[in-house]
Amino acid sequence: MSNGKPGWLRLVQAVDGVAAPILERVTNHDAFAIGITVADRGSRAVGRRAERLSRHILHGLNLPTATDQSRLLTQLAAVEHRVRELSKDFDDVLNTVGKESEHGFHRSNEPAQKDHA
């Protein structure tokens, strides 16, 4: 170990010294940015196509897809939210009815019966 540096570090610094200027010139070029954009769009297109194909195959086998499961989970969350709201509303009504009956009020259209004993 000359210079007090480990061998792997000297190797990395040597490769970096050679590759860095080349990579900087390539990545700073407009063609590089365009190439990356085209590659990204192509990758997304292939992914969408694969998802469509797998969804078609799974539906043909009468199996749910990830999209189906996601949609069902969203619907289930909405139903659970609505049930919580209805439970709160129901509790509020029960509390209101309980308070009215304590004071002799009735919710029906018939007048309250009073005991005359």
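On a predicted model such as this, the values are computed, not experimentally measured, just so you know.

**Q** Summarise a nonpolar patch on the surface; cite the residues concerned and give the values.
**A** A contiguous nonpolar surface patch, about 440 Å² in accessible area, is contributed by Val-18, Ile-22, Val-26, Phe-32 and Ile-36. Among the elements that line the nonpolar patch, the one with the most residues is helix α1 (residues 7–27), at three residues.

**Q** Residue-level account of the pattern of salt bridges, with values.
**A** Counting across every chain of the model gives three salt bridges. Residues Arg-44 and Asp-40 are paired through a salt bridge, measuring 3.2 Å at the closest nitrogen-oxygen approach. Of this pair, Arg-44 and Asp-40 both sit in helix α2 (residues 30–60), four residues apart, roughly one helical turn. A relative accessible area of 53% means that Arg-44 is categorised as exposed.

**Q** Quick rundown of unusual backbone geometry? Include the residues and the values.
**A** One non-glycine residue, Asn-62, lies in positive phi territory at about 60°. Mapping Asn-62 onto the fold places it in the loop between α2 and α3 (66–102).

**Q** Would you mind going over α2 in detail, with residue names and values included?
**A** Between its terminal C-alpha atoms α2 stretches 45 Å, which fits the 45 Å expected from 31 residues at 1.5 Å a residue. Positioned one or two residues after α2, Asn-62 has a phi angle of 60°, which is positive.

Reading the values: rules and limits
Residues numbered from 1 in each chain as written. Predicted model: local features only at pLDDT ≥ 70, side-chain atom pairs only at ≥ 80, totals over all residues. Heavy atoms only, no water. Patch = residues over 30% accessible without salt bridge, like charges linked within 9 Å, V, L, I, M, F, W, Y side chains within 5 Å. Areas by Shrake-Rupley, 256 points an atom, 1.4 Å probe, with all protein chains shown as cover. Salt bridge = Lys/Arg side-chain N within 4 Å of Asp/Glu carboxyl O. Helix = DSSP H or I, 4+ residues; strand = E, 2+ residues; numbered from the N terminus. Buried < 20%, exposed > 50% of the residue type's maximum accessible area, 1.4 Å probe, protein only. Expected span 1.5 Å × (residues − 1).

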